[in-house]
Amino acid sequence: MTDETNPNRREFIKNTAIVAGVAVAPGIFLHSVSQAKPDEHPVDNSVRWGMLIDTNKCTTGCDDCVQACNKEHGLTIEPSHRAETQPQWIRKVELKHKQTGKQTSLPVMCQHCENPPCQDVCPTGASFKREDGIVLVDKHICIGCRYCMMACPYKARSFVHETLTEQKPYSPRGKGTVESCTMCVHKVDKGENPACVTSCTHGAIVFGDLNDPNSEISQKLATEQSMALREGLKLNPGVRYQGV
């Protein structure tokens, strides 16, 4: 059943309220849900949020965007935890062209696909796409099956193995659930840029409305060559790259 034919899911996506201090299962405690604008400003598909990342400006060894994301969402890296269980909403990937030897550094996160495979395989509807193109996980109904992790061609999702403390009220997390980049939806809904965008000192990331021909991101996409990762899958991601 699609979003368009499911009124309950459509209303949830548009009008999700902030719920404080909700226990959803033993060992899982979420402080809040922060996924939509207030009722007087419902999310609609007149806007589609996206990012354009210029890899020519993205410097090898720089992880400002990763650190900003970790700080914004409370993704603490614990030395005592196994490396494979650490949260990773953005990771830096280093590419090397086999023929030319050219090296490229680029941040990879949830690509916020127009046709997200994570949503297609989710048995509970926990993985969903907002009307404005932002792909999210509803932690209250995520059962931790990890089908979405297997379906994601970008390996952009993490599973929470450890008990969490000191969560951010606007970025709820929970042991036994899946998580990924939210495009800082709590900031976007207030008219602000995501943390990775504002933290990039090289100006490598442009954020904006892909549906607005006058936005900076749309004008750059119209005049400069760019590509989506794994374009052959025809997922139409909201994240594009230059210089790859």
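## Observations regarding the overall build of the chain
1) Next: Broken down by element type, the chain carries seven helices and 11 strands.
2) Next: Of all 244 residues assigned to the chain, the portion counted as buried reaches 48%.
3) Next: Counting only contacts in the chain whose residues sit at least 6 apart along the sequence, the fraction spanning at least 24 positions is 62%.
4) Next: Accessible area for the chain stands at about 12,500 Å²; split by element, carbon and sulfur atoms hold 51% of it.

## Regarding the packing of aromatic side chains
1) Next: One pass over the structure, following the stated rule, counts one aromatic pair.
2) Next: Between Trp49 and Phe207, the aromatic rings sit 5.2 Å apart at their centres with planes inclined by 15°, giving stacked as the arrangement. Residue Trp49 is located in strand E3 (residues 49-54), and its partner Phe207 is located in strand E10 (residues 205-209); the two are separated by 158 residues in the primary sequence.
3) Next: Over the aromatic face of Phe159 sits the side chain of Arg146, whose NZ or CZ is 3.9 Å from the ring centroid.

Reading the values: the criteria
Residues numbered from 1 in each chain as written. Predicted model: local features only at pLDDT ≥ 70, side-chain atom pairs only at ≥ 80, totals over all residues. Heavy atoms only, no water. Helix = DSSP H or I, 4+ residues; strand = E, 2+ residues; numbered from the N terminus. Buried < 20%, exposed > 50% of the residue type's maximum accessible area, 1.4 Å probe, protein only. Contact = heavy atoms within 4.5 Å. Areas by Shrake-Rupley, 256 points an atom, 1.4 Å probe, with all protein chains shown as cover. Phe/Tyr/Trp six-rings, centres within 6.5 Å; stacked < 30°, edge-to-face > 60°. Lys NZ or Arg CZ within 6 Å of the ring centre and 35° of its normal.

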